[in-house]
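# Topology and contacts: notes
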Amino acid sequence: MATAGKVIKCKAAVAWEPNKPLVIEEIEVAPPQANELRIKIVATGVCHTDLYHLFEGMHKDGFPAVLGHEGAGIVESVGPGVTEFHPGDKVIPLFIAQCRECRFCKSPKTNQCVKGWAVENPSAMACAESRFTCKGKKVLQFMGTSTFSEYTVMNQIAVAKIDPAAPLDKVCLLGCGVCTGYGAAVNTAKVEPGSTCAVFGLGAVGLAAVMGCKNAGAKRIIAVDINPDKFEKAKVFGANEFVNPKDHNKPINQVLSEMTGGGVDFSLECVGNVEVMVRQGFDIIFKSHPKDMISHYQSTYFLGGFKSKDGVPQMVKAYLDKKVKLDEFITHNMTLAQVNEAIELMKNGKW
């Protein structure tokens, strides 16, 4: 392409400081260096982790930054040493690397990688090195990805090549939330056919967990949320019972225990709340599983246990084969210029 080897100027949503609206700026994106590729971002989702960094984590070393880590795009150019990717390839940036060489990548017990961005500076949620500048200042690449930019630069160990038939405005969701929830059920908890499951929280991660439970063959899938507007959507993904804790004057774990005759087989906490995880999740595990309680109760992190470069393309294929849903997760389609509106929708439970 004509832009290969040159600095690209493009639009990006910059978080200059914590707890403030993002600002649409013109940034400079440097050419890819060795083992890197530059990607034109076509679509991105908004994930609660973006909001966490902006409004809750607020680490002083994590700004200015371009947020976003749930995107999909097309390779614009590649740097020296890149053989797996070529300009024009459809790809999904990954916030978890997979070098396939380190001891973690070779272990079936984890999907972490020693070469990922989190090894260097996890509290800032970004590497110190960046290919972004704006107004003469370095701008960090959030979680190594920064999909709230028209272009980004990634190391090839943190990019998944996907089927060229995949619609980027749908499969971008596989970059985080959907894989995290779905993998919580099928990879981490290993939900069994005929089982009874409870899923706490019906955001994208929770709905994906419901879908994972359904596809794993669970018989009863109880969706728990304080927002009853989400129950119809949960039904689409396979939930068949619904509980709003606000409708009861007793602890939710007691309600579920009574509903199920002693407790559930699998409990998946998708709220991101330790109180829910420890006090409610453990307390409703069926009493016949005391020795297996830890393995039957799962709170999952980091892409649902999927090895990133391997698992994400597999999920794309599953979507194309109509084995998993993606379209049904989408509530709004907005432009980059509307990113602050999108964030407000998510904060208010409308996203």
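Computed from a predicted structure; not experimentally measured.

### Details of the sheet that holds strand β10 (residues 159-161)
Taken together, the five strands give an open sheet; going across it, the order is β9-β3-β5-β6-β10, and neighbouring strands pair in antiparallel fashion. Taken across any chain shown, the strands that pair with only one partner, and hence form the sheet edges, are β9 (151-155) and β10. Averaged over all adjacent pairs, the angle separating strand axes in this sheet is 45 degrees, with direction ignored. As defined by bridge partners, strand β3 (residues 36-44) adjoins strand β5 (residues 71-78) across seven bridges and the pair is classed as antiparallel. Paired with I39 across the two strands is V75, which belongs to β5. Docked against the sheet, helix α9 (residues 308-320) engages β6 (90-93) and β10, running at close to 40 degrees with respect to β10.

### Quick notes on the domain arrangement of the protein chain
We note that the domain assignment places domain 1 (8-177 + 306-348) and domain 2 (189-298) within the protein chain. The gap between the C-alpha centroids of domain 1 and domain 2 is 30 Å. Taken together, the contact between domain 1 and domain 2 spans six residues of the former and nine residues of the latter. Between domain 1 and domain 2 lies a buried interface of about 670 Å² when both sides are counted; carbon and sulfur atoms form 72% of it. The tally of links between domain 1 and domain 2 comes to zero salt bridges. For the pair domain 1 and domain 2, the interface holds two residue pairs in polar contact (both at pLDDT 80 or more). Looking at the side of domain 1 that touches domain 2 residue by residue, the classes come out as two nonpolar, one polar and three charged.

### Some words on helix α1 (residues 48-57)
At 3.6 residues per turn, the α-helix brings residues three or four places apart onto the same side. Taken as a whole, α1 has its buried residues at D50, L51, H53 and L54. Buried residues of α1, seen end-on, are gathered within an arc of 160 degrees and therefore sit on one face of the element. Contacts from the buried residues of α1 go to β1 (8-15) and α10 (339-347). Just downstream of α1, M58 is the residue with a positive phi angle, here 50 degrees.

Reading the values: rules and limits
Residues numbered from 1 in each chain as written. Predicted model: local features only at pLDDT ≥ 70, side-chain atom pairs only at ≥ 80, totals over all residues. Heavy atoms only, no water. Pairing = 2+ DSSP bridges. Helix = DSSP H or I, 4+ residues; strand = E, 2+ residues; numbered from the N terminus. Axes fitted to C-alpha atoms, helices over the stretch in contact; angles between N-to-C directions. Contact = heavy atoms within 4.5 Å. Domains from an automatic or database assignment. Buried area = accessible area lost by both parts, 1.4 Å probe. Salt bridge = Lys/Arg side-chain N within 4 Å of Asp/Glu carboxyl O. Polar contact = N/O pair within 3.5 Å; in protein donor to acceptor, adjacent residues only side chain to side chain. Nonpolar A, V, L, I, M, F, W, Y, C, P; charged D, E, K, R; others polar. Buried < 20%, exposed > 50% of the residue type's maximum accessible area, 1.4 Å probe, protein only. Arc of directions from axis to C-beta.

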